[in-house]
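Understanding the architecture of this molecule
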Amino acid sequence: MDTVVEAQTPNGQNVGSPDPRPEILMVRPYAQWAIDMLAATYQIHRLWEAPDPAAFVAERASRVRAIATDAIIGFKADLIDALPNLEVICSNGAGTDSLDLEAAKRRGIPVTNTPGVLAGDVADLAVALAISVIRRMRAADAYIRSGEWSRHGTMEFVPRFFGRRVGIAGLGHIGRAVAKRLSGFDAEIGYFDIAARPDVPYTFFDNLVALANWCNLLIVTLSSGPSTQKIVNAPVFEVLGPDGYFVNVSRGFIVDEPPLLDALENHRIARAGLDVFWNEPKIDARFLALDNVVLYPHHGSGTAEARKAMLELVRDNLAAHFSGRPLLTPVV
Ligand code: 8YV
């Protein structure tokens, strides 16, 4: 039988009447301010603290009405199947590859994510990584620190960034924000997506290899899922070629990583700026030995402003659900 949860004072004493706040299972800790903010409205069950997660879920199963998770840990079918009165799942993050959307659909449970609010920050990082590898920021910094500037004078010339042919793989919120920024750098922009977008002036390619062959800077912003896994593969790197630059701010799984490493090690592509990898955070050690990459620790949305907006969107989706209004950013 279900226990009646009684309202508590801040020091944990029961005050007698049942706690009316809807109960939420939080899978991974959000920022403390967001936990405090949500705790004013909801009872939060902290799954990440449970020594025995299955028993923890079972004890609360019939009372949990929402799951709060994020795009990294997501949720699996067994979790939602253990919650008979689950009504909504809210994920902090744009990516949906860790969310078992099929399982949610089977149960008719809506899922929300946080697209849009992080796009500008991820796009900023994509451009920063591209400029950084093309203008050789790492080498330039090392040139000064090692004393070579004062010993040998000016550094060797580097390629120009502006005026490039840029291929954007994926023209969602992030891809569009990248294109907008690159227009300011006089770029000629082509893109690959599942269909042409009639509202943009950029050149559409229905084939990623053709886009990579056309451009000299390929930026991946595709959303990750079964249809895009390893879509950036050896033939893509082959046609991008020794003067081609590669940037990924999407998901590691979109790239076939061994051919990327081979291409970088053998200079069959020029350089890469990478925010995402297959085995995060323990990435393939071959990346660490390369001097033609700039590595970033999956932190494209890692600005204070984006992370705040993302968690506020989680809050707003929960509020919409529990007040019977339409969800703001439903995935299914
Ligand atoms: C975050 C992300 O790392 O939105 C995504 O899909 O990968 C990133 O914004 C993550 O969601 C943080 O919760």
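So, here is what we can say about the structure in this document. Please read these numbers as outputs of a predicted model, since none were measured by experiment.

**Some details on the environment of leucine 288**
- Tracing the sequence through the fold places leucine 288 in helix 12 (residues 285-288).
- The exposure class of leucine 288 is exposed, given its relative accessible area of 60%.
- When neighbours within four sequence positions are excluded, leucine 288 is seen to be in contact with Ile283 and Leu295.

**Here we look at the pattern of salt bridges**
- Evaluation of the coordinates by the stated rule reveals 17 salt bridges.
- Each member of the salt-bridge network shares a partner with another, and the members are Asp262, Glu265 and Arg286.

**What to know about the nonpolar core**
- Counting residues in each nonpolar core, the largest one holds 33 residues, and the members touching the most others are Ile168, Val178, Leu182, Leu217, Ile219 and Val247.
- Elements with a minimum of two residues in this core: helix 5 (119-134), strand 8 (165-169), helix 8 (173-183), strand 9 (188-192), strand 11 (217-220), strand 12 (245-248) and helix 13 (304-322).
- Here this core gets 10 residues from one element, more than from any other, and that element is helix 5.
- Excluding residues that lie within four positions of it along the chain, valine 178 makes contacts with Ala123, Ala126, Ile168, Ile219 and Thr221.
- Counting residues in each nonpolar core, the second largest holds 30 residues, with Leu218, Phe246, Leu264 and Leu274 among its members.

**As for the environment of alanine 289**
- Along the chain, alanine 289 turns up in the loop between helix 12 and strand 14 (293-295).
- A sequence separation of 133 residues divides alanine 289 from glutamate 156, and the C-alpha atoms of the two residues are 22 Å apart.

**Some details on the packing of aromatic side chains**
- Taken as a whole and judged by the stated rule, the model has seven aromatic pairs.
- Judged by centre distance (5.3 Å) and plane angle (90°), the ring pair of phenylalanine 237 and phenylalanine 246 falls under edge-to-face. With respect to burial, phenylalanine 237 and phenylalanine 246 carry one shared label: buried.
- With a centroid separation of 5.3 Å and an interplanar angle of 75°, the aromatic rings of phenylalanine 277 and phenylalanine 287 are classed as edge-to-face. Residue phenylalanine 277 is found in the loop between strand 13 (271-274) and helix 12, and its partner phenylalanine 287 is found in helix 12; the two are separated by 10 residues along the sequence.
- Assessed through its relative accessible area of 5%, phenylalanine 277 is described here as buried.

**Overview of unusual backbone geometry**
- For the bond from glutamate 280 to proline 281, the omega torsion is -5°, close enough to zero to count as cis.
- Residue position: proline 281 is located in the loop between strand 13 and helix 12.
- Phi is positive for arginine 136, which is not a glycine, with a value near 60°.
- Along the chain, arginine 136 turns up in the loop between helix 5 and helix 6 (137-145).
- Classification of arginine 136 by relative accessible area gives buried; the value is 15%.

Rules behind the numbers
Residues numbered from 1 in each chain as written. Predicted model: local features only at pLDDT ≥ 70, side-chain atom pairs only at ≥ 80, totals over all residues. Heavy atoms only, no water. Helix = DSSP H or I, 4+ residues; strand = E, 2+ residues; numbered from the N terminus. Buried < 20%, exposed > 50% of the residue type's maximum accessible area, 1.4 Å probe, protein only. Contact = heavy atoms within 4.5 Å. Salt bridge = Lys/Arg side-chain N within 4 Å of Asp/Glu carboxyl O. Core = buried A, V, L, I, M, F, W, Y, C linked by side-chain atoms within 4.5 Å. Phe/Tyr/Trp six-rings, centres within 6.5 Å; stacked < 30°, edge-to-face > 60°.

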